[in-house]
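Here is how the chains run, residue by residue.
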Amino acid sequence: MMHLPARPQHVIRQALLAAFTFFLLISAVHVVLCAQNATSAIEVDYFYEEGCLKCQQALPVIEEVTNSYGCNLTSHEIISSYDLARGYGISVVPAVVVDKRIVITYNDYQGNVTLLKDLLTQAIVTGSEEKRNISIVEEDEAGRGLSFYLVFVAGLLAGFNPCILAVMAFLATLILSSSGNKKDILKMIVGFCSGIFITYMVVGLSILGTVHILPSLKSTITSAMVVLIFILGCWHIYDAYYLRKYARSTFHTPKAMVRLLERTAKSNILFLSFASGGLFSLVKAPCVGAIYFSILDMLVGRTDLARGAFYLAVYNFGVIFPIIVLGILLGYGMKPETITELKENKRVEIRLFTGVILILLALLLHLHII
């Protein structure tokens, strides 16, 4: 009799292949973001006056040099742009401003176009080197403790959470008892994971966007997050003690959410699973979102909005990845009781470990070590 290979093993291989593909994708995005920062062109502003012979003599040299270095050349008529010229201290034309900082006027080269070419070239080279150094420093500061591989691993740790495992087992049991359909299990996984992913993305981008628009709030938001992370760490340690002593958790699930989860198994599985995932992310934030807040605190003020969204997406994929794997295994025959046993056997250790890590993270963030 021929034995078919175990489907769960085949599914795991597919899931690992998907994860590897995702790593390649985010690596490519990371490289593109870095390249965009490193290769941004130098800005050159040229001030002239209509009918100025000196300006007409200088312009071909300015265009030649800026084109050779790939600069962005912008021309300004000094009368119509008087306020801008005055801001640079320019009172005579022709004049050139390189990288918004280095000013070259006619008085600097006295009609010697060869000297003008040398001065402009030197200014552009100096500006490029300084901009490159600033970009490297900003990249180091933005990336300090923010390797996307580490962010993904942090998401994985958050995904292996007793609260998530409990809801997964509960939903799978309800669906299997009502329909027993594997497709329904997979629909539940897609909806539940999408709800978690989108909710955390919206919340994270809202906070990052607020800091981007109102930089003055950065200190307040980061301080509030550090305090919140510390409190959640203490709560996790207390919950580990409470679990060991009373065999039940202090992280309660509201009855309204339980009723929503029960309805998920009966109709419109995809939509209700999506709603359950989003609601779960908010209601169980003290249980599930503590590590998320730590990552968010490191992102606030250290990255721009695009890079912040990238890191958030990496983290959120890490959160839902174990859910996807477990959900596919449930769809192909693994019993929900297996997840329940895993949750029950290790939840005290997971709670204690998570609590200690969160308190350490809060201290490191407070001391600006990470």
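Up top is the structure.
Cut-offs used in this document
- Residues numbered from 1 in each chain as written.
- Predicted model: local features only at pLDDT ≥ 70, side-chain atom pairs only at ≥ 80, totals over all residues.
- Heavy atoms only, no water.
- Helix = DSSP H or I, 4+ residues; strand = E, 2+ residues; numbered from the N terminus.
- Expected span 1.5 Å × (residues − 1).
- Buried < 20%, exposed > 50% of the residue type's maximum accessible area, 1.4 Å probe, protein only.
- Arc of directions from axis to C-beta.
- Bend = angle between axes of the 7 residues up to and from the residue.
- Phe/Tyr/Trp six-rings, centres within 6.5 Å; stacked < 30°, edge-to-face > 60°.
- Lys NZ or Arg CZ within 6 Å of the ring centre and 35° of its normal.
- Pairing = 2+ DSSP bridges.
- Axes fitted to C-alpha atoms, helices over the stretch in contact; angles between N-to-C directions.
- Contact = heavy atoms within 4.5 Å.

Trainee: Explanation requested: helix 6 (residues 148-159) in the structure shown.
Mentor: An α-helix turns once every 3.6 residues. As a result, residues three or four positions apart point the same way. Taking 1.5 Å of rise per residue, 12 residues should cover 16 Å, and helix 6 covers 16 Å from first to last C-alpha, within 8% of that figure. Listing the buried residues of helix 6 in full gives F148, V151, F152, A154, G155, A158 and G159. Viewed along the axis of helix 6, the buried residues span an arc of 155°, placing them on a single side of the element.

Trainee: Just checking my understanding: could you explain helix 2 (residues 53-68) for this structure?
Mentor: Its 16 residues give helix 2 an end-to-end C-alpha distance of 24 Å, which sits within 8% of 22 Å, the value for a rise of 1.5 Å per residue. Most pronounced at L59, the bend in helix 2 amounts to some 30°, and the proline P60 follows within four residues. Listed as buried for helix 2 are C55, A58, V61, I62, V65 and T66.

Trainee: How should the packing of aromatic side chains be read in this particular structure?
Mentor: What describes a pair of aromatic rings is the distance from one ring centre to the other and the angle between the planes of the rings. In total, this model carries 10 aromatic pairs according to the counting rule given. Ring centres of Y46 and Y48 lie 5.7 Å apart, and the angle between their planes is 20°; this geometry places the pair in the stacked category. Among the residues examined, Y46 registers a relative accessible area of 3% and is labelled buried. The exposure class assigned to Y48 is partly exposed, which follows from its relative accessible area of 22%. Clustering of aromatic rings is evident, with ring pairs tying together Y238, Y241, Y242 and Y246. In this arrangement the basic side chain of K54 is found over the ring face of Y106, its NZ or CZ atom lying 4.2 Å from the centre.

Trainee: Hey, could you run me through the sheet that holds strand 3 (residues 95-98) in this one?
Mentor: Two modes of strand pairing occur in sheets, parallel and antiparallel, and in both the strands are linked by backbone hydrogen bonds. Reading across the sheet, the 4 strands line up as 2-1-3-4 and stay open at both edges, with mixed pairing between neighbours. At either end of the open sheet lies a strand with only one pairing partner, and these are strand 2 (72-77) and strand 4 (102-105). This sheet shows a mean twist of 20° between the axes of neighbouring strands, independent of strand direction. Relative to strand 1 (residues 43-48), helix 2 is tilted by about 170°, and along the sheet it contacts strand 1, strand 2 and strand 3.

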